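Residues per chain, in single letters:
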Amino acid sequence: MIDDFISLFFPRYCLGCSGSLARDEQQVCIHCLTSVPKTKSHEEETNFVAQKFYGKVDFQHALAYYTFQQDGIVQKLLHQIKYSHQPQLAFELGERYAIELSKKFEAIPFDLIIPVPLHFKKRKIRGYNQSEMFADGLASRWNIPVKAKALERKIFTTTQTSKTRIERWKNVESIFTIKDDSVLDQHILLVDDVITTGATIEACANSLIEKGAKTLSVAAIAAAK
């Protein structure tokens, strides 16, 4: 009753379609959540996400929740998360994906979750790391530790958006470093917001392997085909 009264003066809108949210809807309406294209990458080991890393990184599992499409609803949601100060949306998507992945795994095989880090200057401007929020959402359902400071981005890089694959790789090559030994002999789930060419993930993975990670998997909110 009180919620209905408050909504008259402070209506809540879906971050996907801008329509009004129902009482039991959080930040995205049910229609948007059900219409967003899912990769279903957890149902097939040789999925298009895994194919990005063939011959480069040996991931046990390569996963993404949604398929990224230019000017689609996934891009809009990611834009809301990164540029409209909506970290809670990344957390909620992490929770939802954890529930979906739990249907695949009888026992969750990951020891640690490590989000792809932002440079401290970019994090200071944004106020949070969207990949870390996604990781926290996953961990909240799995009860697995998130090591947000294990991996550090030591060099401030320019945006990857308009770069070719080769330019993206050169932009992130050797910019990550490991800050502690928590990765040693661990099965690590490396987490990012969106995977395009995979250059950033590849650079992170190489750093983790060099530091002694036993096995690696990767998961993202979205991946581009």
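Keep in mind that this is a model prediction, so the values were computed, not measured. (Residues numbered from 1 in each chain as written. Predicted model: local features only at pLDDT ≥ 70, side-chain atom pairs only at ≥ 80, totals over all residues. Heavy atoms only, no water.)

### Examining the nonpolar core
Phase 1: By size, the foremost hydrophobic cluster in this structure holds 40 residues, and its most contacted members are Tyr66, Ile113, Leu138, Trp142, Leu189 and Ile221.
Phase 2: Going through the elements one at a time, helix H2 (30–35), strand E1 (59–68), helix H4 (73–83), helix H5 (87–102), helix H7 (130–142), strand E5 (187–195) and strand E6 (215–224) are the ones with two or more residues in this core.
Phase 3: If you tally residues by element for this core, the top one is H5, at seven residues.
Phase 4: Not counting the four nearest positions on each side in its chain, Tyr66 is found in contact with Leu33, Val36, Pro37, Lys38, Thr39, Val74, Leu93, Ile221, Ala222 and Ala223. (Core = buried A, V, L, I, M, F, W, Y, C linked by side-chain atoms within 4.5 Å. Buried < 20%, exposed > 50% of the residue type's maximum accessible area, 1.4 Å probe, protein only. Helix = DSSP H or I, 4+ residues; strand = E, 2+ residues; numbered from the N terminus. Contact = heavy atoms within 4.5 Å.)

### What about the side chain of Asp192?
Phase 1: For Asp192, the position within the fold is in strand E5.
Phase 2: Despite being buried, Asp192 has no salt bridge partner; Arg153 is the closest side chain of opposite charge, sitting 6.5 Å away. (Lys, Arg positive; Asp, Glu negative; His and termini not counted. Salt bridge = Lys/Arg side-chain N within 4 Å of Asp/Glu carboxyl O.)

### Let's talk about the pairing of E5
Phase 1: Counting buried positions along E5 gives eight out of nine residues, so the element sits mostly inside the fold.
Phase 2: By the bridge criterion, four bridges tie strand E2 (residues 112–115) to E5 in an arrangement that is parallel. Looking at E5, one finds that Leu112 is bridged to Ile188.
Phase 3: Strand direction decides the pairing type here: E5 and E6, joined by eight bridges, are parallel. When the bridges of E6 are listed, Asp192 appears paired with Ala220.
Phase 4: As a crossover connection, the stretch from E5 through helix H9 (residues 199–210) into E6 is right-handed. (Pairing = 2+ DSSP bridges. Right-handed = clockwise from strand over helix to strand, strands pointing away.)

### Considerations on the pairing of E6
Phase 1: Along E6, ten of the ten residues are buried, which leaves the element largely enclosed by surrounding structure.
Phase 2: Pairing of E1 with E6, which is carried by seven bridges, proceeds in the parallel orientation. The residue of E6 that forms the bridge with Phe68 is Ala224.

### Examining unusual backbone geometry
Phase 1: Positive phi outside glycine occurs at Ser18, with the angle close to 70 degrees.
Phase 2: Position of Ser18 relative to the elements: it lies in the loop between helix H1 (2–9) and H2.
Phase 3: Looking at Ser18, the relative accessible area reads 45%, which means it is partly exposed.

### Let's talk about the side chain of Gln27
Phase 1: Position of Gln27 relative to the elements: it lies in the loop between H1 and H2.
Phase 2: Ignoring sequence-local partners within four residues, the contact set of Gln27 consists of Tyr13, Cys14, Leu15, Leu21, Gln86, Gln88, Leu89 and Glu92.

### Quick word on the environment of Ala62
Phase 1: The topology assignment puts Ala62 in strand E1.
Phase 2: With 127 residues separating them along the chain, Ala62 and Leu189 place their C-alpha atoms 9.4 Å apart.
Phase 3: Ignoring any residue separated from it by four or fewer positions in sequence, one finds Ala62 in contact with Ser41, Asn47, Val49, Ala50 and Val218.

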